[in-house]
Structures are given as structure tokens and as C-alpha cells.
Amino acid sequence: AAVNMRERLRDLTNNEARNVTVKTFHAFAAEVMSSYPEYFFSGASLSNAPESVQLDIMQSIIAGLPKDNPYAAIFDGNYTMLKPALRGIGLAKEAGLTPDKLEALLAANLEYIDLIEPLLVEILSPSLSFKKLDLLQNAVGDVPKHNIDEHIRPLLSLSTIIQESLAHAIDQDQRIGKTTNTGKWKKQWVQTVDNVKGMHFQRKKNLKWLALADIYGQYRTQLHHQSYYDYSDMLLEVIVQIEQNPELKSQVQERFEYVLIDEFQDSNAAQLRLAHLIADHHSAENKPNIMAVGDDDQSIYGFNGAELNNMLHF
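Residues numbered from 1 in each chain as written. Predicted model: local features only at pLDDT ≥ 70, side-chain atom pairs only at ≥ 80, totals over all residues. Heavy atoms only, no water.

Let us now look at the packing of helix 11 (residues 233-244) against helix 13 (residues 269-279). For the pair helix 11 and helix 13, the least separation of the axes is 10 Å and the interaxial angle reads 35°. Considering only the axes of helix 11 and helix 13, their crossing is left-handed. Taking contact as the criterion, the partners of Leu235, Val238, Ile239, Ile242 and Glu243 in helix 11 are, on helix 13, Ala270, Gln271, Arg273, Leu274 and Leu277. (Axes fitted to C-alpha atoms, helices over the stretch in contact; angles between N-to-C directions. Helix = DSSP H or I, 4+ residues; strand = E, 2+ residues; numbered from the N terminus. Left-handed = near helix turned anticlockwise from the far one by under 90°. Contact = heavy atoms within 4.5 Å.)

Structure follows, in C-alpha cells:
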């Protein structure tokens, strides 16, 4: 795709665009790492880890976990959560989250769940009524906000997800005159376990991710210790180093003054974060030189962390 775009640019501009950088996000990240090696891994030369190495490292970590850890499950002598753990870590990296950032976000989520759980249980205790869907939306809208969107953008806070998913469910139900979709939404957020209503599924999900955050930190350390990084590390490392090193940020921003993202519907949070870091030069005055082209009907990379919210909130 990158080669095709480069050829089309050359044809359109009579070869004047030959110096424009045209790459996939990962290839672009690799170029930044190779162009400014002193900022990455303290100048050490790391190589991409084969899957066998990743599995060996993950197995050594999981073998040392307490038996009550959700990732320490064993069946017939084999650890069953090796690949799910690696997939989860990959998703965290595609979201642009280091182990520390993931842990902080999950802690904020759990604190927010404790805050709103009794309110949400009270609001959702009555049976749903199609005629009262607007009242339900207003009541949920009055629940305290989780004001961290600005800090985690392009990711969304739990409160924004609750509000927007309810609005979407109600919009669908108003077209059919029933509460089918709102009922599914309700079951997603409040459940009854041992005769106690609460946000049980959400709390359990966040606690499981919190257990993974610790594994993620160990995995990343051991991977680097053995002179390896993995595919998703490229984006994350470039993001982290640009955020932490003003000199690197300045050099990259001066070199790439305009950013165009094609097939934007297939981008993930880390890719959008990287694009903003590059394009958000101080002279742009919070209006980055960034353009995106996409079609939400053509999204094909959901398995790779692609998130339509990138388009909806652009």
C-alpha cells in the first residue's frame, strides 16, 4: 500500500513528491528509531523477538505467579493463558499504554466504579420502559463524570463509554419501539451476583487487566534484557521517547511538518497518538497539521486494536 501511494504521488506531481515520506505506521516508527538511535534502548541494538522467545519469556513469568492469579491457570500441565496474556499486552501497546500508564488507568477505573456503582444500581433497578428511555438517559447523564478524557485521549474514559453506549442503544430502540438494545446495555453494566446488584463484570474485567499490567511490566523488562523488542514495541517506544525527550520531539516535528493518514478507519489509539505528537508543533497553536482519510464501512483491522472512536472523536 505504501509503495502504491508513493507511485501515485510521483505520477500526480511529476516526480516532485519523491522526497515525501510514505510508510505504514510501524515502518515509520522503525525509521524514527533508526534515525535517532541514541534515544532508544540507551543506544543498544535490539532485534524483533520471534514468537518462541515471547512464549518462553511469558511462561517463565506466569510460572512464578501466585496460584490465585487469573493468568496462572493450568490444564493438563500446561499454562492456558500464555497467548491470551501476549494478546492483551499487544492490545495495551496498540492503545499506547506503558505498564505504568495501564496500571494508573485501571486504578482510576476501579475508583470510579466504586463511586458510581450504588448510583447506577439505583437508576437501573426499575424495569425498563420504552416511554421512559429519555428519563433514563437523563438520570445516567447526571452520574458524576470521570474527568480523565483529556489525559488519555484518544482513549475514552469509563464515564464517556457509559454515556455514549447508552445513547447508541436508546437511538436503536427508538427506531424499533422496544427496549431490546437498552436491555442489553443494562446487563452489560449492572448484574446480580449472590443476590447483590452491582457492576460485577466491569470490576472483574478491570481487576483481570490489573493483574496483566504487572505481567506486562515484567515481560517488557525481560524482553529488553534479552536484547529483544516485539512488533508492537516500536510504536510504543517512539511515543514514549517523543513524550519524554523535548529534543527528539523538536527534531521529529521539524522534519515532518504535515501528516496525512490514509485508511484512517483502521488506525488504533497508539497510531493516532503518534500522529498527533508529530503534527502538534507549537507553532500550530493546538491546530495540528494533520489530515485523515477514512471510511467507517471499510474497517477490517478490529483484531489489531483499530478503533472507530478515532474517527468519531477526530
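So that's the structure; there's more coming.
By the definition in use, this model includes eleven salt bridges. Salt-bridge contacts for Lys93 lead to Asp230; the nearest nitrogen and oxygen are separated by 3.0 Å. Residue Lys93 is found in helix 4 (residues 82-94), and its partner Asp230 is found in the loop between strand 6 (228-229) and helix 11; the two are separated by 137 residues along the sequence. Of the residues examined, Asp230 reaches a relative accessible area of 8% and is grouped as buried. Among the charged side chains, a salt-bridge network with shared partners connects Lys93, Arg220, Asp230, Asp233 and Glu237. (Salt bridge = Lys/Arg side-chain N within 4 Å of Asp/Glu carboxyl O. Buried < 20%, exposed > 50% of the residue type's maximum accessible area, 1.4 Å probe, protein only.)

Taken as a whole and judged by the stated rule, the model has two aromatic pairs. When the centroid spacing of 6.0 Å and the interplanar angle of 10° are considered together, the rings of Phe41 and Tyr229 count as stacked. On the criterion of sequence distance, the pair formed by Phe41 in the loop between helix 2 (25-35) and strand 1 (47-48) and Tyr229 in strand 6 is long-range, its members being 188 residues apart. Look at Phe41 and you get buried, because its relative accessible area is 17%. Exposure remark for Tyr229: the relative accessible area of 14% places this residue in the buried category. (Phe/Tyr/Trp six-rings, centres within 6.5 Å; stacked < 30°, edge-to-face > 60°.)

Attention now moves to the nonpolar core. Formed by 34 residues in total, the largest nonpolar core has its most connected members in Met58, Tyr71, Leu102, Leu155, Ile215 and Tyr219. Secondary structure elements with two or more residues in this core: helix 3 (51-63), helix 4, helix 5 (99-124), helix 10 (200-225) and helix 11. For this core, the leading source of residues is helix 10, giving seven residues. Those residues in contact with Ile215, other than ones at most four positions away along the chain, are Met58, Ile61, Leu65, Asn69 and Tyr71. (Core = buried A, V, L, I, M, F, W, Y, C linked by side-chain atoms within 4.5 Å.)

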